[in-house]
Amino acid sequence: KQWYQRRVRDFPNLTWLCLSANALDSVPMAISKLVNLRHLFISNNKIKRIENLNNCQHLETLDVRHNNLSEVSGINHLHKMLSLSLSSNKILSVSPFDFPASITFLGLYGNLISEFEDVLSIIEKMESLRKLFVGSNCFCENLPLKPTFNVKLIPKQTVNGAKRQKCNEDPIYLPEILSLLKSKCPTLKNIDNNSV
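**Focus on the sheet that holds strand β3 (residues 61-63)**
- Strand order in the open sheet formed by eight strands is β1-β2-β3-β4-β5-β6-β11-β12, with mixed pairing between adjacent strands. Each edge of the sheet is formed by a strand with only one pairing partner; in this case those strands are β1 (16-18) and β12 (194-195).

**Considerations on the packing of aromatic side chains**
- Evaluation of the coordinates by the stated rule reveals two aromatic pairs.
- With a centroid separation of 5.8 Å and 50 degrees between ring planes, the pair formed by F105 and F133 is classed as tilted. With F105 in strand β5 (residues 105-107) and F133 in strand β6 (residues 131-133), this pair connects stretches of sequence that are 28 residues apart.
- Here F105 falls in the partly exposed class, since its relative accessible area comes to 24%.

**Brief notes about the nonpolar core**
- In this structure, L53, L62, L86, F99, L106 and L108 are the most contacted members of the largest nonpolar core, which totals 47 residues.
- Sorting the residues of this core by element identifies α2 (116-125) and α3 (175-184) as the ones contributing at least two each.
- For this core, the leading source of residues is α2, giving five residues.
- In contact with L53, not counting residues within four places along its chain, are V27, I31, L40, L59, L62, G74, I75, H77 and L78.

**Regarding unusual backbone geometry**
- Backbone geometry places A21, a non-glycine residue, at a positive phi of 55 degrees.
- Looking at the element boundaries, A21 is found in the loop between β1 and β2 (39-41).
- Taking relative accessible area as the criterion, A21 reaches 58% and is therefore assigned exposed.
- Located in the positive-phi region is H66, a residue other than glycine, with phi close to 55 degrees.
- Looking at the element boundaries, H66 is found in the loop between β3 and β4 (83-85).

What counts and what doesn't
- Residues numbered from 1 in each chain as written.
- Predicted model: local features only at pLDDT ≥ 70, side-chain atom pairs only at ≥ 80, totals over all residues.
- Heavy atoms only, no water.
- Pairing = 2+ DSSP bridges.
- Helix = DSSP H or I, 4+ residues; strand = E, 2+ residues; numbered from the N terminus.
- Phe/Tyr/Trp six-rings, centres within 6.5 Å; stacked < 30°, edge-to-face > 60°.
- Buried < 20%, exposed > 50% of the residue type's maximum accessible area, 1.4 Å probe, protein only.
- Core = buried A, V, L, I, M, F, W, Y, C linked by side-chain atoms within 4.5 Å.
- Contact = heavy atoms within 4.5 Å.

Below, the structure is given as structure tokens:
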């Protein structure tokens, strides 16, 4: 067993854990024993699925950036979560039911999300959301409000067989789209570094 699997019982009151850049291919089962955990950083690994967090009811921060996630699951029951970073994964679509409504910061930057409507549905449900990062996703090419979406694009690239549209800078949302986003979620203050 890995050291953290054997020793986690020695730290029942642990509130902050960083296992980033450890070549993990899954969320360690031992984490489920950390019932007081508030901040978990597992970025820059090879994780394909979020799991073993059922007992982490106090979790406020979860950073799973730069992994191999293709879907969002296993977190909607974490009602104290405030910050969720899922950027730079391979997530294809999202639903408002995937996320706890308590989230104030959501990072979905650099995934493979193709439908802007998915983003709108998240914004409508997540009344606590203040800051959202969704740039550099595939919906750039499918955006129904394309004339009001000003973003510099570089040519499509292939990532593990999937076409991906990347932005070489944060998207710049014009007033019409910012107004639409604000109407969907009045508490939203920032999207991709654009004030709403």
